[in-house]
Amino acid sequence: MSVRYKNKLNTFLNRFSRKKNQFETIASLKKRIQMLEMNQQNAENYLNNIIHVVPANIYWKDLNCVLLGGNLSHALQAGFTDPKDVIGKTEHDFVWKEHANEVMENDRLIMKTGVGRQFEEVGMLADGKLHTFLTCKAPMRDKKDQIIGIIGVSTDITDFKELQHELLQLQMVAAQTVANESHAKAIAEEELRKTIMVLVGDIVHDLRTPLTAIKLVTDILTTLLPGIIDIIEEAKNLGARTANLLNQNSWDYLLNKTPITDIQNSIVMINDFINTTLAELATANKAMSSELSRDELTKQSSRRILENVLKAYPFSNSEKNKISLNITCDFHFMGNSILVMKLLFNVIKNAFEQIALNGKGDLTISTERGTEYNLIRIKDTAGGAPPEIVANFFKGYFTTKEKGTGIGLAFAKKTMVSFGGDILCHSVYGESMEFILQFPLLLAPEACVL
Amino acid sequence: MKKKILIIDDYLPILNSLQMILEMHNYDVETTQNSAYLLENDVKLPDIILTDYHIPGISCGTMIKQLKNHEKFKHISIILMSGGIDIESVSSLLGVNDFIAKPVDLDALLNKIERCMAQF
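Residues numbered from 1 in each chain as written. Chains lettered and ligands numbered in written order. Predicted model: local features only at pLDDT ≥ 70, side-chain atom pairs only at ≥ 80, totals over all residues. Heavy atoms only, no water.

Chemist: Account for the overall build of chain B, naming residues and giving values.
Modeler: The number of helices and strands found in chain B is five helices and five strands. Mapped in sequence order, the helices and strands of chain B form the string β-α-β-α-β-α-β-α-β-α. A buried classification covers 48% of the 120 residues belonging to chain B. Looking at chain B alone, contacts between residues at least 24 apart form 58% of all its contacts between residues at least 6 apart. Counting only carbon and sulfur atoms, one obtains 48% of the accessible surface of chain B, whose full area is about 5,700 Å². (Helix = DSSP H or I, 4+ residues; strand = E, 2+ residues; numbered from the N terminus. Buried < 20%, exposed > 50% of the residue type's maximum accessible area, 1.4 Å probe, protein only. Contact = heavy atoms within 4.5 Å. Areas by Shrake-Rupley, 256 points an atom, 1.4 Å probe, with all protein chains shown as cover.)

Below, the structure is given as C-alpha cells:
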C-alpha cells in the first residue's frame, strides 16, 4: 500500500473513531437523561408518599388563594376523595366554607407581608363537629424570591384541645378541693383553739369560785380573830379549863394570825398560778394562730432554756444515760421561754420514742452560732425516717404514731416562725435524725459566752 | 337607814361569807341563788346588786337587760363579779356600774360598793 493511501486510511480511522465516541456519548447522555427522569419520578413519588402519609393537612395555593395541590388528608377533610379534586378550588368549595373568608383573609395577609405565621384555626368538618387546627403557613416563593402563593400545614389538635380542657377542669377542681380542704382544716384548727379557750375559761371560773369562798372566809376570820382572842384571854383569866388547853406555841400561832396568813398566801399563789397559766395559754394560742407580735417576745438565753428543759423533763433512768448536752456557746434570742421549752419537750419526747422503738441510739443537744441564724441542734441516732415521711413532718395533723395527733411539729414550726426563725429536719434514713432550730440574730452583736 | 345589797351567786359559801362580811360593814344584805329573784318577787328594793356572771335561771345578761329596761329597777347599781377571763369586756358589754374579779379583794369590793352608794 502506498503511503498516500495509508495516510488516508489512518485519517478515516481517526474520524471514524471520533464519530464512534460521539455516538457513544449521545447514547450515554440519553441513558443519563432516562435515569434522571426516573429519579425525578421517584423523587416525586417519594414526596407524594411522604405528603400523603403525614398526619396533617398539607396544601398550597396561588396568589388568588386557589388551590394548586394538597395531600390526601387535606382532600378528605375538605370533603373530597382524591387530592387532584381540590386543585382549582378555593376555601368556599370546602366543608369549612363558613370560615372561608376568614381563612383567605389570613392567607392574603401572609402573602402580602411575606411573614409566615403559626396559629390556631377552627372549622366545621363533615362529621358536624367543630375542629381545631394548629396551622403553620408561609409564603411560597420562586427562584427569584418572588411570592407566588402560600403553603400551609394544618394539624388537627381537637382531641388534644379537649384533653387540655379536661385537664384544666381537673386542675381547677383539684385546686378548689385543696383550697376547700385547707380552709376546712383552718376552720377546724380555729374551732379547736376556741373550744380549748372556752374550756380553759370554764376551768378557771370553776377554780376561782371555791377560791373566792375560801378567801372570804379568811377575811371573816381575820376580822373576828381579835375578838376571839380577847374572849379566850378573858376565859383564861377566869380560869376556864378549856382555855388552858392551848399551849404557848398554839397561842402564839393564833395571836400572829399565822393560819389565816398561810391560807391567804396559798390563795394568792393559786391565783397567780392560774393567771400565769392563762397568760401562757394565750401566748401559745396566739403562736398557733400566727398572731404573736414581736412586742410579746422577750430576750431569752439558749443556755438557760436548755438547762431548764433538762431539769424539768421527766427523764427515765435509761433516758438520762442517753442524752448529752453540748453547749459550746450561749446565745440570746427574742422569743417566749414557755413555747421554746414546750417545743423542745416535744422533740426530745419524739426522739426517745424512736430510740425505744428501734432499740438503739442516743440524743445530743448542742448550740451553734451562725452568721444568719444561731442554732440549737437536737440529734438522735435512732435510725432516722424516710424522706417521704420527713416531707410531711411540719404540715400538721400528720403522724406515724398510733396515738399521735400530728400537732407537735406543726406547733414547733409555727412557734419558730413567730420568732422570725424556722425549724428544719435533716434525716439520714437508717442512721440519724436532726432537728435544727434557727433563731434570728439579735440586732446588737453579742459576745459568745461559754 | 342601812343601805341594802342584794347578792346573787350560785355558790352558797360565797353567799354566806359575803353576807357576813357586808353585814359586819353595816349593810342590809339579802342573798339569792335565783337570777330572776328581784323580777319575780315583790321585795324591798336593794340599792346595789352584787351578782355573779354565771348564775342559774335566766342568764346574767338577760337579767341585767330586764332590770335596766324596767322603770322600777333601772336606778339600782349593779356590780358584776366573775372568775372568768374576760370580765372586763363582759362588764363593758353589759353596761354594769362596776365589776370585780374573783377571788374578790375585800378592800376593793368595799370601795366599789361605797362609790356606788355615793351616787345616790
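Chemist: Just give me the short version of the overall build of chain A, but keep the residues and values in it.
Modeler: Tallying secondary structure elements over chain A gives eleven helices and twelve strands in all. For chain A, long-range pairs separated by at least 24 residues make up 59% of all intrachain contacts whose partners lie at least 6 apart in sequence. As presented, chain A carries roughly 28,000 Å² of accessible surface, and 58% of it is formed by carbon and sulfur atoms.

Chemist: Describe the sheet that holds strand β7 (residues 323–326) of chain A, and please don't skip the residues or the numbers.
Modeler: All names here are of chain A. Strand order in this open sheet of five strands is β7-β9-β10-β12-β11, and the pairing throughout is mixed. Looking at strand neighbours, the two that pair on one side only are β7 and β11 (422–428), the edges of this open sheet. Direction aside, the axes of adjacent strands within the sheet are offset by 15° on average. Taken together, the seven bridges between β11 and strand β12 (residues 432–440) define a ladder with antiparallel strand orientation. (Pairing = 2+ DSSP bridges. Axes fitted to C-alpha atoms, helices over the stretch in contact; angles between N-to-C directions.)

Chemist: Give a detailed account of the interface of chain B and chain A, specifying residues and quantitative values.
Modeler: When the parts of a complex come together, some accessible area is lost, and that lost area is often taken as the interface size. Tallying the contact residues gives 18 residues for chain B and 20 residues for chain A. Buried surface at the junction of chain B and chain A, summed over both partners, amounts to about 1,600 Å²; 77% is from carbon and sulfur atoms. When the buried surface of chain B facing chain A is broken down by residue, M24, I85 and P103 of chain B rank first, second and third, together holding 32% of it. Counting every contact that joins chain B to chain A gives zero salt bridges. Our count for the chain B to chain A interface comes out at two residue pairs in polar contact (both at pLDDT 80 or more). Looking at the side of chain B that touches chain A, its residues break down into eleven nonpolar, four polar and three charged. (Buried area = accessible area lost by both parts, 1.4 Å probe. Salt bridge = Lys/Arg side-chain N within 4 Å of Asp/Glu carboxyl O. Polar contact = N/O pair within 3.5 Å; in protein donor to acceptor, adjacent residues only side chain to side chain. Nonpolar A, V, L, I, M, F, W, Y, C, P; charged D, E, K, R; others polar.)

Chemist: Can you break down the pattern of salt bridges residue by residue, with the values?
Modeler: Opposite charge on two side chains makes pairing possible when the charged atoms of those side chains draw close. One pass over the structure, following the stated rule, counts 20 salt bridges over all chains. As a salt-bridge pair, K74 of chain B and E71 of chain B come within 3.1 Å of each other at their nearest N and O atoms. For K74 of chain B, a relative accessible area of 41% puts it in the partly exposed group. Shared partners join several salt bridges into a network, and the residues in it are K61, E91, D107, E121 and K137 of chain A.

Chemist: Any chance you could break down helix α11 (residues 408–418) of chain A for me, citing the residues and the numbers?
Modeler: Within α11 of chain A, eight of the eleven residues are buried, which leaves the element mostly enclosed by the surrounding structure. G420 of chain A, located one to two residues past α11 of chain A, shows a positive phi value of around 90°.

Chemist: Any chance you could break down the packing of aromatic side chains for me, citing the residues and the numbers?
Modeler: Residue and element names in this part refer to chain A. Applying the stated criterion across every chain yields a total of eleven aromatic pairs over all chains. With 5.9 Å between their ring centres and 80° between their planes, F80 and F94 make a pair best called edge-to-face. With a gap of 14 residues between them, F80 in the loop between α2 (72–78) and α3 (100–113) and F94 in the loop between α2 and α3 connect regions that are remote in the sequence. A single burial state applies to F80 and to F94, both of which are buried. (Phe/Tyr/Trp six-rings, centres within 6.5 Å; stacked < 30°, edge-to-face > 60°.)

Chemist: Any chance you could break down the pairing of strand β8 (residues 332–335) of chain A for me, citing the residues and the numbers?
Modeler: Residues and elements named next belong to chain A. On β8, burial follows the alternation: F333 and G335 on one face are buried, whereas H332 and M334 on the facing-out side are not. In this structure, strand β6 (residues 298–301) lies alongside β8, joined through four bridges in antiparallel fashion. Paired with S301 across the two strands is H332, which belongs to β8.

Chemist: So, the sheet that holds strand β1 (residues 57–62) of chain A: which residues are in play, and what are the values?
Modeler: Strand pairing in a sheet is mediated by backbone hydrogen bonds. Such pairs are either parallel or antiparallel. All names here are of chain A. Strand order in the open sheet formed by five strands is β2-β1-β5-β4-β3, and the pairing between neighbours is antiparallel. Two strands bound the open sheet, and with one partner strand each, they are β2 (67–70) and β3 (117–124). On average, each strand axis in the sheet is inclined to that of its neighbour by 30°, with strand direction left out of account. One ladder, built from eight bridges, connects β3 with strand β4 (residues 130–141); its direction is antiparallel. Looking at β4, one finds that E120 is bridged to L134. Along the sheet face, α3 touches β1, β3, β4 and β5 (147–156) and points at about 165° away from the line of β3. Along the sheet, helix α4 (residues 158–237) contacts β3, β4 and β5; its crossing angle with β4, the most-contacted strand, is approximately 130°.

Chemist: Describe a negative patch on the surface, and please don't skip the residues or the numbers.
Modeler: Residues and elements named next belong to chain A. Together, D127, D156, D159, E162 and E166 line one region of the surface with negative charge. By residue number, the principal contributor to the negative patch is α4, which donates three residues. Within the element layout of this structure, E166 appears in helix α4. Taking the relative accessible area as the measure of exposure, E166 reaches 47% and is therefore partly exposed. (Patch = residues over 30% accessible without salt bridge, like charges linked within 9 Å, V, L, I, M, F, W, Y side chains within 5 Å. Lys, Arg positive; Asp, Glu negative; His and termini not counted. Charge placed at Lys NZ, Arg CZ, Asp CG, Glu CD.)

Chemist: Go over unusual backbone geometry with me, naming the residues and quoting the values.
Modeler: The omega angle of the peptide bond from K102 of chain B to P103 of chain B is -5°, so this bond is cis rather than trans. With respect to the helices and strands, the residue P103 of chain B is situated in the loop between β5 (98–101) and α5 (106–118).

Chemist: Any details on the nonpolar core? Residues and values, ideally.
Modeler: Counting residues in each nonpolar core, the largest one holds 40 residues, and the members touching the most others are L344, I376, I378, F393, F435, L437 and F439 of chain A. Taken together, the elements giving at least two residues each to this core come down to α7 (302–312), α9 (337–358), β9 (363–368), β10 (373–380), α11, β11 and β12 of chain A. Look past the residues within four positions of L437 of chain A in its chain and what remains in contact with it is L343, L344, N374, L375, I376, I378, M416, D422 and I423 of chain A. The next biggest cluster of nonpolar side chains, apart from the first, holds 24 residues, and it includes L18, L22, Y27 and V104 of chain B. (Core = buried A, V, L, I, M, F, W, Y, C linked by side-chain atoms within 4.5 Å.)

Chemist: Let's hear about the packing of α7 of chain A against α9 of chain A: which residues, and what values?
Modeler: Residue and element names in this part refer to chain A. Contact geometry of α7 with α9 gives a least axis separation of 10 Å together with a crossing angle of 55°. In terms of their interaxial angle, α7 and α9 are classed as oblique. For the element pair α7 and α9, the recorded crossing hand is right-handed. Note on element contacts: α9 touches α7 through S337, V340, M341, L344, F345 and I348, opposite I305, L306, N308, V309 and A312. Of the residues belonging to the contact of α7 with α9, the class tally is nine nonpolar, two polar and no charged. (Parallel < 35°, antiparallel > 145°, perpendicular 65-115°, else oblique. Left-handed = near helix turned anticlockwise from the far one by under 90°.)

Chemist: So what's going on with a nonpolar patch on the surface? Residues and values would help.
Modeler: The grouping of L9, F12, L13 and F16 of chain A at the surface amounts to a nonpolar patch, some 410 Å² of accessible area in total. With respect to the helices, strands and loops of the structure, L13 of chain A is situated in helix α1 (residues 3–53).

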